There are 2 protein chains.
Amino acid sequence: MNGAVELPLDAPELTLEAAGGARVRRSVLPSGLRVLTEAMPGSRSATVGFWVGVGSRDERDDPDSAAPGTFGSTHFLEHLLFKGTATRTALDIATAFDAVGGEHNAMTAKEYTCYYARVQDRDLPMAVDVLADMLTASRLDPDEFENERGVILEELAMAGDDPADAASERFFDAVFGAHPLGRPIGGTRHSIGRVSRDAVFTHFRARYRPDELVVTAAGAVDHDALVARVTEGLAAGGWDLGTPHPPAPRRLADEAALTRGADVSIEDRPIEQANLLLGVPGLTATDPRRPALNVLNSVYGGGMSSRLFQEVRERRGLAYAVHSLAPGYSDAGVFGAFAACQPSNAGTVAELVVGELGRIADEGITEADLARAAGQLGGGAALALEDSDTRMSRLGRAELTHGEFVDLDEALRRIARVTRDDVRDLAADLRERPWSIAAVGGVDAGTFRGVRDDGARPAASEAP
Amino acid sequence: MNGAVELPLDAPELTLEAAGGARVRRSVLPSGLRVLTEAMPGSRSATVGFWVGVGSRDERDDPDSAAPGTFGSTHFLEHLLFKGTATRTALDIATAFDAVGGEHNAMTAKEYTCYYARVQDRDLPMAVDVLADMLTASRLDPDEFENERGVILEELAMAGDDPADAASERFFDAVFGAHPLGRPIGGTRHSIGRVSRDAVFTHFRARYRPDELVVTAAGAVDHDALVARVTEGLAAGGWDLGTPHPPAPRRLADEAALTRGADVSIEDRPIEQANLLLGVPGLTATDPRRPALNVLNSVYGGGMSSRLFQEVRERRGLAYAVHSLAPGYSDAGVFGAFAACQPSNAGTVAELVVGELGRIADEGITEADLARAAGQLGGGAALALEDSDTRMSRLGRAELTHGEFVDLDEALRRIARVTRDDVRDLAADLRERPWSIAAVGGVDAGTFRGVRDDGARPAASEAP
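All figures in this text were calculated on a predicted structure; none of them were measured in a lab. (Residues numbered from 1 in each chain as written. Chains lettered and ligands numbered in written order. Predicted model: local features only at pLDDT ≥ 70, side-chain atom pairs only at ≥ 80, totals over all residues. Heavy atoms only, no water.)

**Remarks on the pattern of salt bridges**
So, step 1. Here the structure, examined in full by the defined rule, presents 84 salt bridges over all chains.
So, step 2. Notably, a salt bridge pairs E17(B) with R23(B), separated by 2.9 Å at the nearest N-O pair.
So, step 3. Residue class for R23(B) comes out partly exposed when judged on its relative accessible area of 40%.
So, step 4. Through salt bridges with shared partners, a single ionic network connects K83(A), E144(A), E148(A), R313(B) and E314(B). (Salt bridge = Lys/Arg side-chain N within 4 Å of Asp/Glu carboxyl O. Buried < 20%, exposed > 50% of the residue type's maximum accessible area, 1.4 Å probe, protein only.)

Here it is as C-alpha cells:
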C-alpha cells in the first residue's frame, strides 16, 4: 500500500510501503509501548527518538510545593535525564555519544518531550541502550538537581535576553491567556527557583510509562531488531513491560477550551528594533483544513516570494526578518507573523501584516500563487525527507498527534486538492478572529492604534 | 586514487575516487573559472554553490565616498544580487526557487562570498541558470539599492540587539585590532548609511570575474553537464570566458601580518547575562597542526563530554551555553571559548576558560581523551557527509583556501596520527599567546582582574 495508514491504538502490527522505496512499520506492544520505524534504502546512519506524551501544558501548579508538575518541571526533568542513571554518570552519557561523533539532544514542547540521537548505523544499538537507560533509571540526584537548577536559570536568562524569544513568550500568553498552552515551556525564574527535586521525581514516575512512550527511528534501521533492543533496554532499567496496558489515548481536539489573553502585550526595552508578533487563534494540528492552511501560510509569509516578504522587505525595506507561522496543537493553534523593524515603523509593519491577510481574504490568490505554493510545499518536503531526523520526527508526530501516517505522495495529493476558494475562505475566517499583538522594543500601545482601529478585527478590551 | 589530491591552479582536469563511492572532479577552464563536483551515488538532490574569492577583509576604506569597497559593501552586494538582473526581477528570482521548494541563500564571510541552492536533481539546471544570471547581470538598480540599504540596517540592528552577536563582533576586534580580519562583516551603521550605489557597483565589476569564481556542486550531479551549463549561464550574462586568464592566486599564510587589539573589550548592557568570549590568536586554516587543533578543540570545549562543558556547566552549573571555537583564515586564526553566565560569575567562568587550557598544557590529555576526540571528529564527519550541502562547502573551501581536497578516509588518517604530545604542545603554545576578553552584559574590566593577574598570559596594555 502506498499513501496513508490510520494508526489505531489497538492494532498490534501495521506496515506501509511509503514513497521513495521507504517502508514504515509500527508495533503496539502489550505494555502499551509503541515503536515505529521507517527503513530508508541505502542509508548508512539512523535517527532514533524516544517520545513521551507529556509537555509543559500538562503541568499543574499548586501552592503546596510538594505537588508534582510545577511550571517548567517537564523541561527541568528533560535536563535531569542527562545527569546520570543507576549505572551511568552524566559524563558516561555524554561520552557515549561524543565518542562516536553522534548528535544527541532533547526537546520539551507544549505537548510532548523527545530525546533523540543521530548516529552511524553500527552505533544505533548503543544509542537505544543509553536513551532507554536515561528514560527508566535516571537518579535525579539531589546535588545534581541543585546544580542543574542553576543551568536552567541560565537558559531562561539567555532566552530572556533574546528579544525575539521574549516576544514569542509574550505572544503565546497574549493569544492563549490562562490556557496552559499560553505558558512558557521552561517555566519562570520564580517556578524554577522553588520547584523541589521530589516534585520533579514524582512527575517523572507518574508520566514516564510504557503506555506514554513512543519510540521512532528512521534510516538504516531493522524494525524487529529495534523493537527487541528497545524492550530489552527498558526492561533493564526496571520498567514493567509484562503488565498489559493500552497506549495512552491521544489528546482530542476541542477548540472551545481556548481562553483569550491580551490584545496588545508590550515590553518596552531599550534596544534598536521592535520585535513584533501578530496573530489570531489558528487551526488544530489535525484540522481537515490543514492542507489549505499550509498553502495560505506559504503564500502569505512562507518564503522570499511570499506576500509579506515582498511587501515588507522587498518593496519597502522595512525589515530584514519577516515571516508567517502556523503552529498547531491537539485542541488549538496559532496563525500569525513575526517581523523585527525600527520602532518608528512598527505601526506600519503591523498594518501590513494584518492588511496582507485581509487582501488574501478580499481578493483571493491567483492560480500562479497556488501552483507556486504547491511546488514549494512538495519540493521542500521531498528535500527534507532525505534526512533521517525529519522522517523520525514525522513518525513521532503522526503517532502522538495525528493518529495517521501520511507518506509524501499522499501529502502532495492533499495539497493538490486545495482550491483557491479554500484558501480565500480560510483567510476570511482567520482575519475575523481576535488579533493579539506582542512587541518587545521601543514601542507602546499607541503604536498599534492604526491596526486596532481599522476594523480588521472586532474591538477587544484594553490590556497592558 | 583514494585519499587526497592537490589542487594546483594550472591543472586543467583532476579526478579523485573518494570515500563512500563518491567521485570528485575538477576542471580549470581557460578563463580561470574553476568547477568542482562530487557525485554521490543514490542521491536525488544536489547542492550547488557559486563562490567568489572576495570577503569583508578585501574592502578598503577611503574618505572619498566614490572609492570602491567601503566597509560592508561586500555583504551589501550579496544582498543586491537577489534584487534583479537584466532579465529577472527580484520576485522572479525568489519565485524560481520557491516554486520548486528549493533552499537558496548566500553568505558573506571574511574571505569569500557564496551563493548556493539545494534542489531536487531535476531542478539543478534551473538553479545554475538563476545563480549565473545573478552573478553576471545584476543591475544594482538605484531605487532597489536605497530600499536594500534599509534592509541591511535592520539586519545590523538585529545583530546588535543579540548579545552573543554583539560579543562576537567585539571579540574579533579585540583579537585582531586594526587588521582587516577584525572588522564586522556587515559593516557599521555609519558605513552602510553612506556607501553609494556606484561604489558597490565598482566593487562588483572589479571582483566578480571568471578567475575569482569557483563553482562547486555535490549530490546528483554530472560534472560535464554542470560545466557546460555554468559556462552557458555565465556567457549569457555577458561574461567573457574566451580570454585566457589563470585563476586568481590563493591568499598566502602570513601570521606576521597580524596586529593586536584590546586585552579587554566590554559593553555594559542592562541584560541578565554576561556574554563572554575569551581567546588568543590561533592557527591559519592550512596550518599543518590543524589536525592536532581539531583534537584539542574537541577535548577542550567540543561537546558535552569536553573539559569546559563538564567543568563550567555539569559540575558547577554556571552556564547553559559554553563551547570552544577555532576558526581559521588564510593568514591568521583564533582559538578561544564562548560562555554566557550571570555577571557575578563572569570572573569565575573566565578563569575556568583560561585555566582548563592551562590544565591541558600542564597535564596533557589521556589516551581516552584522544580516542574520544578521534571518534567524535570521525563520526561527526561521516554523518555530515551524508548531506550534499556539507560536501559542496568542503569543495569550495578546499579550492579557495586549502589548495588540496581531502576525502573522509584521509582526514581520519590525519586525525589518527595526532599524538597526546602534539595536543599538549599546542595547548602550551596557545596559552602563552596574548589573551583577549570580550564581554557584553553587566560587567566591567575589574571583573576579569583575576584572569589577567594570574600569569596565564603575558601582561598586556590596559584597554577600554
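The discussion continues.
**Focus on the interface of chain B and chain A**
So, step 1. Counting residues at the interface gives 64 residues for chain B, matched by 64 residues for chain A.
So, step 2. Of the roughly 5000 Å² buried between chain B and chain A on both sides combined, carbon and sulfur atoms contribute 51%.
So, step 3. Linking chain B with chain A are eight salt bridges.
So, step 4. E148(B) is the partner of R313(A) in a salt bridge, and the nearest nitrogen-oxygen pair spans 3.7 Å.
So, step 5. At the junction of chain B and chain A, the tally comes to 34 residue pairs in polar contact (both at pLDDT 80 or more).
So, step 6. Taken together, the elements giving at least two residues each to the side of chain B that touches chain A come down to α2 (90-98), β6 (103-108), β7 (113-120), α4 (142-161), α10 (307-315), β11 (319-325), β12 (334-341) and α12 (367-384) of chain B.
So, step 7. No other element matches α4(B), which puts 11 residues into the side of chain B that touches chain A.
So, step 8. A class-by-class count of the residues in the side of chain B that touches chain A yields 22 nonpolar, 22 polar and 20 charged. (Contact = heavy atoms within 4.5 Å. Buried area = accessible area lost by both parts, 1.4 Å probe. Polar contact = N/O pair within 3.5 Å; in protein donor to acceptor, adjacent residues only side chain to side chain. Helix = DSSP H or I, 4+ residues; strand = E, 2+ residues; numbered from the N terminus. Nonpolar A, V, L, I, M, F, W, Y, C, P; charged D, E, K, R; others polar.)

**Thoughts on the sheet that holds β11(B)**
Residues and elements named next belong to chain B.
So, step 1. Ordered in space as β9-β14-β10-β12-β11, the five strands form an open sheet in which the pairing is mixed. Both edges of this open sheet fall to β9 (264-268) and β11, since each of them pairs with a single strand only. Ignoring strand direction, the axes of neighbouring strands in this sheet form an average angle of 10°.
So, step 2. Note that strand β10 (residues 274-281) and β12 share eight bridges and pair antiparallel. Among the inter-strand pairings, L278 is bridged to a residue of β12, identified as A337.
So, step 3. Seen against the sheet, α10 touches β11 and β12 and runs at an angle of roughly 160° to β11. (Pairing = 2+ DSSP bridges. Axes fitted to C-alpha atoms, helices over the stretch in contact; angles between N-to-C directions.)

**What about the pairing of strand β5 (residues 45-52) of chain B?**
Residues and elements named next belong to chain B.
So, step 1. With eight of eight residues buried, β5 is to be regarded as a mostly interior element.
So, step 2. Of the two faces of β5, the one lined by S45, T47, G49 and W51 and the one lined by A46, V48, F50 and V52 are each fully buried.
So, step 3. By the bridge criterion, eight bridges tie β5 to β7 in an arrangement that is antiparallel. What sits directly across from W51, in β7, is C114.
So, step 4. Both β5 and strand β8 (residues 213-219) contribute to a ladder of seven bridges, which runs antiparallel. Of the residues in β8, the one forming a bridge with V48 is A217.

**Quick notes on the confidence of the model for chain A**
Residue and element names in this part refer to chain A.
So, step 1. Confidence in the prediction of chain A, expressed as mean pLDDT, is 93, and 95% of residues score 70 or more.
So, step 2. Throughout residues 454-464 the model reports pLDDT below 50, and contacts reaching past four residues in sequence, or to other chains, amount to 22 contacts.
So, step 3. Predicted complex metrics record ipTM = 0.93 and pTM = 0.94. (pLDDT = per-residue confidence, 0-100.)

**With respect to the packing of helix α9 (residues 290-301) of chain B against helix α11 (residues 346-363) of chain B**
Residue and element names in this part refer to chain B.
So, step 1. Following both chains from N to C, one finds α9 and α11 inclined at 125°, their axes separated by 11 Å at the closest point. For the element pair α9 / α11, the angle class is oblique. The handedness of the crossing between α9 and α11 is right-handed. Residues L296, V299 and Y300 of α9 touch α11, and the partners they reach there are V353, E356, L357 and I360.
So, step 2. Of the residues that constitute the contact of α9 with α11, the class distribution is six nonpolar, no polar and one charged. (Parallel < 35°, antiparallel > 145°, perpendicular 65-115°, else oblique. Left-handed = near helix turned anticlockwise from the far one by under 90°.)

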